[in-house]
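Residues per chain, in single letters:
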Amino acid sequence: MKPIQRSRWRLAAGICYYRLKRYGDWLFDQKQYARKREKELFAHVHFRHQTPLLRRLKNVEMWMQHNKVTNLRLAVQRLDRIVIQPGETFSYWKLIGKPTKSKGYLPGMLLSHGRVTAGVGGGLCQLSNLLFWMTIHTPLTISERHRHSYDVFPDANRTQPFGSGATCFYNYMDLQIKNETKQTYQLHLYVTQTHLVGEWRSSMPATRRYEIVEKDHAIQPSLWGGYERKNRLYRHVYSIDGEWQQEEWVTDNHALLMYEPLLPDGKEG
């Protein structure tokens, strides 16, 4: 996992290539993309989660996070109450579109090769993280997800396992969710004064519940220097009455640490 150093021109060319490829996929890949919106909320909440809008992060100025809130509000307007019918695929970026100044997006926090920077539309990873976490608590299928390649901030106040989110970058690092069930699902999103809130809803009540379990977590020194972090996420599936049904693999995660880990003997590395 040694970081690859590429020139500015090489990076720009790569972004252009992969964006054009994604546009081609959207046109010709034969998927049925979700686009319908239902104004009335479906009756049954299958999973609900919320994340705080503002956090004190080392070396991150608060104006970036305040701008992020504006960006989240704009993106939420594009996704709220979208429904995924059986056989359809939800595409994060196809629905949101390119975040630009002309649409009202502001410079917010972006992570580039493990470093904090500012960019228009920054902060939308909080929304893709929320969607991934909610979706793995439902029968919906994650058909495309990109893991975070860098672990930038220590685990202070972490409430979810490492690697339980999804990074995003317009448009080729997409989050796609396919409905392989016989039910129609509705996404409900909103932003309060303090939190980003999301729900997966359906017209029928849930028949299962899910618990996310972390296994094989490790922080190890790498041969090239620095540290790498990895784990595996599984979900335990129960009937709605609590009866065990099965264990399902969710994803494997690998990331480069951008901070000194706390070693087992209690000393900083």
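The structure this text deals with has already been given above.
Residues numbered from 1 in each chain as written. Predicted model: local features only at pLDDT ≥ 70, side-chain atom pairs only at ≥ 80, totals over all residues. Heavy atoms only, no water.

Undergrad: Which residues make up the overall build of the protein, and what are the values?
TA: The helix and strand tally for the protein stands at four helices and 13 strands. A compact globule built from 269 residues would reach a C-alpha radius of gyration of about 18 Å, and the protein, at 19 Å, matches this within 12%. C-alpha atoms of the protein, sized along the principal axes, occupy 50 × 50 × 40 Å. A total of 269 residues make up the protein; the buried ones form 45% of that total. When contacts within the protein are restricted to residue pairs at least 6 apart in sequence, long-range pairs at least 24 apart make up 72% of them. In the structure as shown, the protein presents an accessible area of about 15200 Å², 52% of it carried by carbon and sulfur atoms. Averaging the locations of the 39 positively and 25 negatively charged side chains of the protein gives two centres separated by 8 Å. (Helix = DSSP H or I, 4+ residues; strand = E, 2+ residues; numbered from the N terminus. Rg over C-alpha atoms; globule rule 2.2 N^0.38 Å. Buried < 20%, exposed > 50% of the residue type's maximum accessible area, 1.4 Å probe, protein only. Contact = heavy atoms within 4.5 Å. Areas by Shrake-Rupley, 256 points an atom, 1.4 Å probe, with all protein chains shown as cover. Lys, Arg positive; Asp, Glu negative; His and termini not counted. Charge placed at Lys NZ, Arg CZ, Asp CG, Glu CD.)

Undergrad: Go over a positive patch on the surface with me, naming the residues and quoting the values.
TA: Together, Arg37, Arg78, Lys98 and Lys103 make up a region of like positive charge exposed at the surface. Tracing the sequence through the fold places Arg78 in helix 2 (residues 62–79). We classify Arg78 as partly exposed; its relative accessible area is 45%. (Patch = residues over 30% accessible without salt bridge, like charges linked within 9 Å, V, L, I, M, F, W, Y side chains within 5 Å. Salt bridge = Lys/Arg side-chain N within 4 Å of Asp/Glu carboxyl O.)

Undergrad: So what about the sheet that holds strand 9 (residues 185–191)? Which residues, and what values?
TA: Strand order across the open sheet formed by four strands is 1-10-9-2, with antiparallel pairing between neighbours. Single-partner strands in this sheet number two, and they are strand 1 (44–52) and strand 2 (83–84). As defined by bridge partners, strand 2 adjoins strand 9 across two bridges and the pair is classed as antiparallel. What sits directly across from Ile84, in strand 9, is Tyr185. Here helix 2 sits on the sheet and contacts strand 9 and strand 10 (195–202); the angle it forms with strand 9, its principal contact strand, is near 155 degrees. Its contacts with the sheet put helix 4 (residues 125–135) on strand 1, strand 9 and strand 10, and the angle it makes with strand 10 is roughly 35 degrees. (Pairing = 2+ DSSP bridges. Axes fitted to C-alpha atoms, helices over the stretch in contact; angles between N-to-C directions.)

Undergrad: A description of helix 1 (residues 8–28) should follow, citing residues and the corresponding values.
TA: In a regular helix each residue adds 1.5 Å, so 21 residues correspond to 30 Å; helix 1 covers 31 Å between its end C-alpha atoms and thus fits that length. Looking only at helix 1, the buried set comprises Gly14, Arg19, Arg22 and Trp26. Looking straight down helix 1, one finds that the buried residues subtend no more than 130 degrees of arc, so they occupy a single side. Across from the buried face of helix 1, at angles greater than 90 degrees, the exposed residues are Trp9, Tyr17, Leu20, Leu27 and Phe28. Elements in contact with the buried residues of helix 1: strand 3 (89–91), helix 3 (92–96), strand 6 (141–144) and strand 8 (176–178). One or two steps after helix 1, the chain reaches Gln30, where phi turns positive at roughly 70 degrees. (Expected span 1.5 Å × (residues − 1). Arc of directions from axis to C-beta.)

Undergrad: Describe the packing of aromatic side chains, listing the residues and the values that go with them.
TA: Enumeration according to the criterion identifies eight aromatic pairs in this entry. With centroids separated by 5.8 Å and ring planes inclined at 80 degrees, the aromatic side chains of Tyr238 and Trp244 adopt a geometry described as edge-to-face. A relative accessible area of 14% means that Tyr238 is categorised as buried. Here Trp244 falls in the partly exposed class, since its relative accessible area comes to 44%. In textbook terms, an aromatic cluster arises when at least three aromatic residues are bridged by ring pairs, as seen for Tyr23, Trp26, Tyr92, Trp93 and Tyr170. Positioned over the ring face of Phe132 is Arg145, at 4.8 Å from the centre of the ring. Across the ring face of Phe162, the terminal group of Arg229 is positioned such that the distance to the ring centre comes to 4.5 Å. (Phe/Tyr/Trp six-rings, centres within 6.5 Å; stacked < 30°, edge-to-face > 60°. Lys NZ or Arg CZ within 6 Å of the ring centre and 35° of its normal.)

Undergrad: Outline the packing of helix 2 against helix 4, supporting the account with residue identities and numerical values.
TA: Pairs of packed helices are described in terms of their axes, by the angle between the two and the distance that separates them. Their axes nearest at 9 Å, the elements helix 2 and helix 4 cross at an angle of 50 degrees. Classified by the interaxial angle, the pair formed by helix 2 and helix 4 is oblique. Contacts between helix 2 and helix 4 involve Lys68, Leu72, Ala75, Val76 and Leu79 on the former and, on the latter, Gln126, Leu127 and Leu131. Across the contact of helix 2 with helix 4, the residue classes tally to six nonpolar, one polar and one charged. (Parallel < 35°, antiparallel > 145°, perpendicular 65-115°, else oblique. Nonpolar A, V, L, I, M, F, W, Y, C, P; charged D, E, K, R; others polar.)

Undergrad: So what's going on with the pairing of strand 11 (residues 208–221)? Which residues, and what values?
TA: Sheet topology places strand 11 next to strand 12 (residues 227–239); twelve bridges connect them, and they run antiparallel. Counterpart to Val213 in the pairing with strand 12 is Tyr234. As consecutive antiparallel partners, strand 11 and strand 12 are separated by five residues, and within that stretch Gly225 has a phi angle of approximately 110 degrees, a positive value.

Undergrad: Account for the pattern of salt bridges, naming residues and giving values.
TA: Following the criterion strictly, the structure yields ten salt bridges and no others. Two residues, Arg201 and Glu199, come together in a salt bridge whose shortest N-O distance is 2.7 Å. Taking the relative accessible area as the measure of exposure, Arg201 reaches 13% and is therefore buried. Glu199 gets classed as buried once you look at its relative accessible area, which sits at 7%.

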